[in-house]
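Inside the fold
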Amino acid sequence: MPEPSNIKATITIENGPTLELPVYQGTLGPDVVDISNLTANGRFTFDPGFVSTASCESQITFIDGGKGVLLHRGYPIEQLAKHSSHLEACYLLIYGELPTAAEKEEFEATIARHTMVHEQLRTFYSGFRRDAHPMAILCGVVGALSAFYHDSLDVSDEKHREIAAFRLIAKMPTLAAMSYKFSIGQPFMYPRNDLSYAENFLHMMFGNPCEDYKVNPVLASAMDKIFLLHADHEQNASTSAVRLTGSSGANPFACIAAGIAALWGPSHGGANEAVLEMLEEIGDESRIDEFVARAKDKEDPFRLMGFGHRVYKNFDPRAKVMKETADEVLKELGLDDDPLLKIAKRLEKIALEDNYFVEKKLYPNVDFYSGIILKAIGIPTSMFTVIFAVGRTVGWIAHWHEMHSAPFKIGRPRQLYNGHKQRDYVPTDKR
Ligand code: SDX
């Protein structure tokens, strides 16, 4: 538990007690008021969507939404995107420090040696229809991993947690590529230990047994950046789902499957797929004003996918890097005048100038440009959230591991009940 600060908070409830509540100060970010002893005084707090609630203390990632700051173990995301790699960021997120050259080499070799999956898992895929959504397949297959690894399911054993982390980080690209290959009726490609993490993923996605596949280094670099930019984002919906699932002592594979399920929604990780669908629905720059008007219309449920964020009320720093990467990839592939990119850039310009979006601080988020990059690389829209899940796996695992590294309680929120008061059962013939 954090040390109380000298700052005090008191709550006076009419006809009830005046409570003095401890206030904790982090190294960065807002102070937090500890309300945990409210229940002993017969009260709960009410905070749907946890807009004002800190669910835990953590040292992994810090976001300043007002300034557009994202730090992983203190390092700005812009610097990590420029100088680091996804696997180096994985090491940083899990162990808390950047690796030495020797540590980095050992970690990369360890991950490479865990990229293959049990041959029996291949038959698991054949139980799905060919047109199954890859996220449905990923949910099922990752949850099923616990059936294969009985040697690493003791969540109280740090070594078991570490091997589970290695396996999940290493196997997610393999499982993701397998769900793509299954959907197009092509044979699964085995991972190769001589390729980097992102190169291996592209090889398993687009290679085939009939010819050598040459990985385009610009695309591999963009892919690695996409994994890195999605690696972690403090207590977002899917990470909170992983922590809550893990708080019951569930095994790591079940927890990551819960994170994948939470990520799937269009308000969260499903937004990158929804962005492309939206750009394709707009279809032409002449229709942008029509969709912007719909996004502003309270009666219309349509929202501009890829805009807005619960925490960022400034530019999402990841979106800036993603935009530069999109330009690099489209230039490399000779797609500079991609019509969807033109619509996206025009949409972004309007949203950054239009009062509605400016007042509500709706800036492009990480999902706005990632879909354009993935589409340019040749990855189908249905695989976009899968790519997000591959990148975010290390964040989920780092938070799960952090939770298990200190005393914790099972997560069990309460409620404001406004249903029926107690009443007696009514026999059928009296209803
Ligand atoms: C991710 O939490 C994370 O960190 C998530 C993430 C991560 O890395 O894990 O960053 C990844 O999920 C990014 C967000 C991807 N989702 C989208 O792009 C979907 C579109 N965005 C919205 O659905 C929305 O902005 C949310 C869900 C992202 C945030 O919603 P909030 O914080 O609950 O805000 P809200 O829904 O209360 O909206 C505030 C106002 C509302 O208007 P009023 O009721 O105040 O009049 O802004 C409006 C909303 O109607 N609004 C939008 C809008 N987003 C919010 N209006 C039009 N288009 C939008 N995109």
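Numbers given for residues are sequential positions, taken from 1 along each chain in its written order. Under the rules for a predicted model, residues below a pLDDT of 70 receive no local features and side-chain atom pairs below 80 are neither given nor counted, while totals for whole chains, interfaces and linings still include all residues. With hydrogens and water stripped out, all remaining heavy atoms of the structure feed into the side-chain values.

Notes on the nonpolar core
Ranked by size, the top nonpolar core spans 116 residues in total, and within it Leu175, Met223, Ile260, Leu347 and Ile379 carry the most contacts. Put simply, DSSP H or I for four residues or longer makes a helix, DSSP E for two residues or longer makes a strand, and each gets a number counted from the N terminus. Of the residues forming this core, the biggest block, 13 residues, is contributed by helix 6 (residues 158–183). Contacts of Met223, omitting those with residues within four sequence positions, involve Ala198, Phe201, Leu202, Leu374, Ile377, Ile379 and Ile387. Only buried Ala, Val, Leu, Ile, Met, Phe, Trp, Tyr and Cys residues count toward a nonpolar core, and they belong to the same one when joined by side-chain atoms within 4.5 Å. Remark: exposure states derive from per-residue accessible area (1.4 Å probe, protein chains only) relative to the maximum for the residue type, with buried under 20%, exposed over 50%, and partly exposed in between. Core analysis: the next-biggest nonpolar cluster, separate from the first, contains five residues, Ala9, Leu19, Leu21 and Val23 among them. For this analysis, residues touch if any pair of their heavy atoms sits within 4.5 Å.

Here's the deal with the sheet that holds strand 5 (residues 69–72)
A pair of strands counts as paired when DSSP detects no fewer than two bridges linking them. Pairing is antiparallel across the open sheet formed by three strands, whose spatial order is 4-5-6. The outermost strands of the open sheet, each flanked by one partner alone, are strand 4 (61–64) and strand 6 (75–76). As paired strands, strand 4 and strand 5 are joined by four bridges and run antiparallel to one another. Note that in strand 5 the partner of Ile63 across the bridge is Leu70.

Observations concerning the site of the ligand
Nearness is judged by heavy atoms alone; a residue qualifies as near a molecule or strand once a single heavy atom is within 4 Å of it. Neighbouring residues of the ligand: 24 residues in total, closest His233, Leu304, His309, Arg318 and Arg392. Between a nitrogen atom of the ligand and a main-chain N or O atom of Ser267, the distance comes to 3.0 Å. In the analysis that follows, any N or O atom pair within 3.5 Å is treated as a polar contact, provided that within protein one partner can donate a hydrogen and the other can accept it, and provided that, for residues neighboring in sequence, both atoms belong to side chains. Side-chain polar atom of Arg318 to an oxygen atom of the ligand: 2.6 Å apart, as the coordinates give it. Split into classes, the residues belonging to the shell around the ligand amount to nine nonpolar, eight polar and seven charged. Only Asp, Glu, Lys and Arg are considered charged, only Ala, Val, Leu, Ile, Met, Phe, Trp, Tyr, Cys and Pro nonpolar, and every remaining residue, Gly among them, polar.

Side note on the pattern of salt bridges
Salt bridge, as used here: a side-chain nitrogen of Lys or Arg that lies within 4 Å of a carboxyl oxygen of Asp or Glu. If you walk through the whole model with that rule in mind, you get 16 salt bridges. Here Arg122 makes a salt bridge to Glu119, at a shortest N to O gap of 3.6 Å. Of this pair, Arg122 and Glu119 both sit in helix 4 (residues 119–125), three residues apart, roughly one helical turn. Taking the relative accessible area as the measure of exposure, Glu119 reaches 42% and is therefore partly exposed. For Arg192, the salt bridge is made with Asp194, and the minimal N-O distance between the two is 2.5 Å. Relative accessible area serves as the criterion here: at 35%, Arg192 is assigned to the partly exposed category. Look at Asp194 and you get exposed, because its relative accessible area is 54%. Look at the salt bridges and you will find they share partners, linking Glu281, Arg294 and Asp300 into a network.

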